[in-house]
Amino acid sequence: MSDSSPARPAAPVLDVWCELQCPDCHTALDDLRALRARYGDRLELRLRHFPLEKHKHSFAAAQAAEEAMAQGMGWPYAEAVLDRVAELDRKGEPLLVEVARELGLDAEEFDTALIDGRHILIVDADQAEGKAIGVTGTPTYVIGGERLDGGKSQEGLRTRVEEIADRLLAEQEGCTRG
C-alpha cells in the first residue's frame, strides 16, 4: 500500500562548520538561534566539525558533541559548550562531561566516548570534507552550494543565509505546486 499524499520535500540544509572552543562560533550563536526561530523545521541546521589546532580542547569537544547527538541533544549541547568557551579553555575535558551532566545526558557515557574515541572518524570526516570545500576557519556556513565565511566577519551573514534559504524554500514551493 502506497501513501498517496505528496511527500514533503526535504528541508534545505545549512551546514554550520563550527568549533566548540571558538569565540567567533560563540558570537554566531545569536544568528543560529534566530535562524532556528524563523525557520523551525523548514531549514535543517547541521553541525559540522572543524576543530582548529590552536584550540587544544576543540577535537575532544567535537567528539563530545557527537556523543550528545547520539543521545539526542546535539545542538543544545553544542550551544551550552559554546556559551562557556572561556571556561573550556581553562577546564578542558572535565567541562565537557560537566555540561553533559547538567543537561541530563549520560555523563559516564561521555567520559567513555572521549576515552574510546568512538566518534573520531565522524570528526575527521567532517574536517576532511571542510578542507576539501575550502573551509579555513569557523564559523563557516554552506547553504545552497554557497560558502559563507563567518571567521573573518559575521557582518550581514544571517541576512545572506536568510536570502538563500528563502530562495531555496520558494523554489521548493514552486516545485510542489507544479
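Quick notes on the rules
- Residues numbered from 1 in each chain as written.
- Predicted model: local features only at pLDDT ≥ 70, side-chain atom pairs only at ≥ 80, totals over all residues.
- Heavy atoms only, no water.
- Pairing = 2+ DSSP bridges.
- Helix = DSSP H or I, 4+ residues; strand = E, 2+ residues; numbered from the N terminus.
- Axes fitted to C-alpha atoms, helices over the stretch in contact; angles between N-to-C directions.
- Patch = residues over 30% accessible without salt bridge, like charges linked within 9 Å, V, L, I, M, F, W, Y side chains within 5 Å.
- Areas by Shrake-Rupley, 256 points an atom, 1.4 Å probe, with all protein chains shown as cover.
- Salt bridge = Lys/Arg side-chain N within 4 Å of Asp/Glu carboxyl O.
- Lys, Arg positive; Asp, Glu negative; His and termini not counted.
- Charge placed at Lys NZ, Arg CZ, Asp CG, Glu CD.
- Buried < 20%, exposed > 50% of the residue type's maximum accessible area, 1.4 Å probe, protein only.
- Phe/Tyr/Trp six-rings, centres within 6.5 Å; stacked < 30°, edge-to-face > 60°.
- Lys NZ or Arg CZ within 6 Å of the ring centre and 35° of its normal.

Colleague: What exactly am I supposed to notice about the sheet that holds strand 1 (residues 13-18) here?
Modeller: Across a sheet, paired strands are connected by hydrogen bonds in the backbone, their directions being either parallel or antiparallel. Strand order in the open sheet made by the four strands is 2-1-3-4, with mixed pairing throughout. Strand pairing shows two members of the sheet lacking a second neighbour, strand 2 (44-49) and strand 4 (146-149), which therefore form its edges. Sheet twist, expressed as the mean angle between neighbouring strand axes with direction ignored, is 20°. Both strand 1 and strand 2 contribute to a ladder of six bridges, which runs parallel.

Colleague: Which parts of the structure should I look at to understand a negative patch on the surface?
Modeller: Side chains of E93, D106, E108 and D111 sit close together on the surface and give a patch of like negative charge. When you line up the elements, E108 lands in helix 6 (residues 107-116). Relative accessible area serves as the criterion here: at 55%, E108 is assigned to the exposed category.

Colleague: Where do I start with the packing of aromatic side chains in this structure?
Modeller: Any pair of aromatic rings gets described here by the distance separating the centres and the angle formed by the planes. Tallying each qualifying case throughout the model produces one aromatic pair. Arranged with centres 5.1 Å apart and planes meeting at 40°, the rings of Y77 and F110 form a pair that is tilted. Here Y77 is found in helix 3 (residues 74-82), whereas its partner F110 is found in helix 6, with 33 residues between them in sequence. For the pair Y77 and F110, a shared accessibility class is recorded, and that class is buried. We note R36 situated over the ring of W75; from NZ or CZ to the ring centre the distance is 5.1 Å.

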